[in-house]
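Spelled out from the first residue to the last, the chains are:
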Amino acid sequence: MAFPRFLFNPKEGIDNPALVITDDPDLDHSPVPRLCQLRRQDGQSFGFYLRMNKNDQGFDIRDVEPWSPAEQSGLREGDRVLEVNDQYVANMEFFRVVRKIQSCGSHLFLLVLGEKDYEQAGFMGVNLEMLATASKGDHCSRPRLCHISRDLDYGLGMTVKSVEGQKSQYILNTVPDGPAEKAGVRSGDRLIWINGVMTSTLTHSSLNRTMKKSAESVTVLVLDSESESCYVRRKMPILPVIAECCSLPYSSKTMHLVKGPEGYGFLLRQEKLPVTRHIVHILREVDVGSPAEGGGMEDGDLLMAVNGEPVESMDHEDIVKLIRLSGDRVSLTAMSVPGRAFYRELGIPPLLFHEDWTLQDERKWAQNKSGTPLRHGGGCTSYPTLTHCDQDTHEMWVSLTSDCVPGQMGTLATQLQQRASIDAFL
């Protein structure tokens, strides 16, 4: 059988209808998330606004500040946030995402889609959670932060072995049903971090000394070798901020108080801790039978947050004002002095693993609150936390829940429907 001969004519192009050549770079383009790594100094913001768009409930990046950690990380205007610190957040409430970022300390990892990629993904019907997972690779699990208490018979219940051919890389073997295994450590896990120190900086002998020096317990960051390879491939440092909390001995608690005839029934004092001399805000003189006692407040606890807003670094007067502006209801997050010392020694933000913000309850308070809402200068109103409205740009900075719209009154739900979006500066 003879095949027809195709001749090339430079004026007419290629004389083969079966051959198509294109230089369109978007022909096979599919949305690809980007990982942005932000690091800030003490007292510094990350330098961007997080906005929730009312139309699609997505979280996008706005107004990235020049020279900020956000800009230096490659974060761009219009980027859509899929994950915060390796946790998918696109289906979370806006204020919970804000709290996760506020309480993460100096390190923040954001997995984002560019604005055009996000629009294309929506047009194609792409499952964003599956897209985020696929970008990390198969079988990639988050590291685990485990606290191991020494047992009289088993000790820590694990042994450490150097990885052959890899300097300062260690693997763990656990005793079945021993302390380490019960705390969440698995045989074959890589040891990344111990008592606040990266093991990559320790020799085997110094690591053994660290473990022996810890008479009663150790806190370790571990993960399986396959997941470690995923993080190495992504050039993402393995830190406690991206970990799952398995068995830490201390945690914060949130107390939801309703003011009684005599107030809340406690005093807030600014004091210095005896040994460290750190300035702290301490809950004192809890009255018997008061709302504070009923909510579980204990004398000597440290106040960490008011209505979900971290207050540890605030001035005493500003915290008192924040509580007063909350009206007849307030949520206080507290931690014991030993608990705060534990997190400080490890270099871990104290509210990193705190989840009990109970946002639905606080919204309900805001919408059902009796009496006149608190009014700020310029006609703004707020419940039950401090907010700020720029009267020139009508931009809103939200700490928790607000209907801070200049010149308007009404419930939170009504006011949010009248705005296209809500924003938080982080």
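Predicted model, so just to flag it, every value in this text is computed and none were measured. Residue positions are given per chain, counting from 1 as you read along its sequence in written order. At least 70 in pLDDT is required for a residue's local features to be given in this predicted model, at least 80 for side-chain atom pairs to be given and counted, and no such filter applies to totals for whole chains, interfaces and linings, which use all residues. Note: side-chain values were computed over all heavy atoms of the structure, leaving out hydrogens and water.

1. Some points on the pattern of salt bridges
Side-chain pairs of opposite charge can arise whenever the charged atoms involved come near each other.
Phase 1 of the analysis: When a carboxyl oxygen of Asp or Glu lies within 4 Å of a side-chain nitrogen of Lys or Arg, that pair is called a salt bridge. Taken as a whole and assessed by the stated rule, the structure comprises 17 salt bridges.
Phase 2 of the analysis: Its salt-bridge partner being Asp-60, residue Arg-51 comes within 3.0 Å of it at the nearest N-O pair. The same class applies to Arg-51 as to Asp-60, namely buried.
Phase 3 of the analysis: As a salt-bridge pair, Arg-269 and Glu-285 come within 2.5 Å of each other at their nearest N and O atoms. A residue pair is termed long-range when its members are at least 10 positions apart, and Arg-269 in strand β15 (residues 267-272) and Glu-285 in the loop between β16 (279-284) and α8 (291-294) qualify at 16 residues.
Phase 4 of the analysis: For every residue, the accessible area obtained with a 1.4 Å probe (protein chains only) is divided by the maximum for its type, and the residue is called buried under 20%, exposed over 50%, and partly exposed between those limits. Since its relative accessible area comes to 36%, Arg-269 is described here as partly exposed. Elements are defined by DSSP. Helices are runs of H or I of four residues or more, strands are runs of E of two residues or more, and each kind is numbered from the N terminus.

2. Concerning helix α2 (residues 94-102)
Phase 1 of the analysis: Counting buried residues in α2 gives eight out of nine residues, a clear majority hidden from the surface.
Phase 2 of the analysis: Where α2 is concerned, the buried positions are Phe-94, Phe-95, Arg-96, Val-97, Val-98, Arg-99, Lys-100 and Ile-101.

3. Remarks on the packing of aromatic side chains
Phase 1 of the analysis: Pairing of aromatic side chains requires ring centres within 6.5 Å, counting the rings of Phe and Tyr and the six-membered ring of Trp. Pairs whose planes differ by under 30 degrees are stacked, by over 60 edge-to-face, and all others tilted. Inspection of every chain in the model, using the stated rule, returns six aromatic pairs.
Phase 2 of the analysis: Here the aromatic rings of Tyr-49 and Phe-425 are separated by 5.0 Å at their centres, their planes lie at 50°, and the arrangement is tilted. Residue Tyr-49 is located in strand β2 (residues 49-53), and its partner Phe-425 is located in strand β24 (residues 421-425); the two are separated by 376 residues in the primary sequence.
Phase 3 of the analysis: Residue class for Tyr-49 comes out buried when judged on its relative accessible area of 13%.
Phase 4 of the analysis: A residue is classified by how much of its surface remains accessible, and Phe-425, at 29% relative accessible area, is partly exposed.
Phase 5 of the analysis: One aromatic cluster is present, built from ring pairs that chain together Phe-59, Phe-94 and Phe-95.
Phase 6 of the analysis: When the ring centre of Tyr-118 is taken as reference, the NZ or CZ atom of Arg-80 above it lies at 4.3 Å. Charge-over-ring contacts are defined here by two conditions on Lys NZ or Arg CZ: a distance within 6 Å of the ring centre and an angle within 35 degrees of the ring normal.

4. As for the environment of Asn-91
Phase 1 of the analysis: Structurally, the position occupied by Asn-91 is in the loop between β5 (87-88) and α2.
Phase 2 of the analysis: For Asn-91 and Phe-59, which are 32 residues apart along the polypeptide, the C-alpha to C-alpha distance reads 9.9 Å.

5. Digging into the environment of Asn-85
Phase 1 of the analysis: Note on placement: Asn-85 falls in the loop between β4 (80-84) and β5.
Phase 2 of the analysis: Note on contacts: a residue pair is in contact if any heavy atoms of the two residues lie within 4.5 Å. Those residues within four positions of Asn-85 in sequence are excluded, and the remaining contacts are Cys-104, His-107, Leu-108, Phe-109, Arg-142, Val-241 and Ile-242.

6. Considerations on unusual backbone geometry
Phase 1 of the analysis: Positive phi, normally seen in glycine, also occurs at Asp-86, with a value near 70°.
Phase 2 of the analysis: With respect to the helices and strands, the residue Asp-86 is situated in the loop between β4 and β5.

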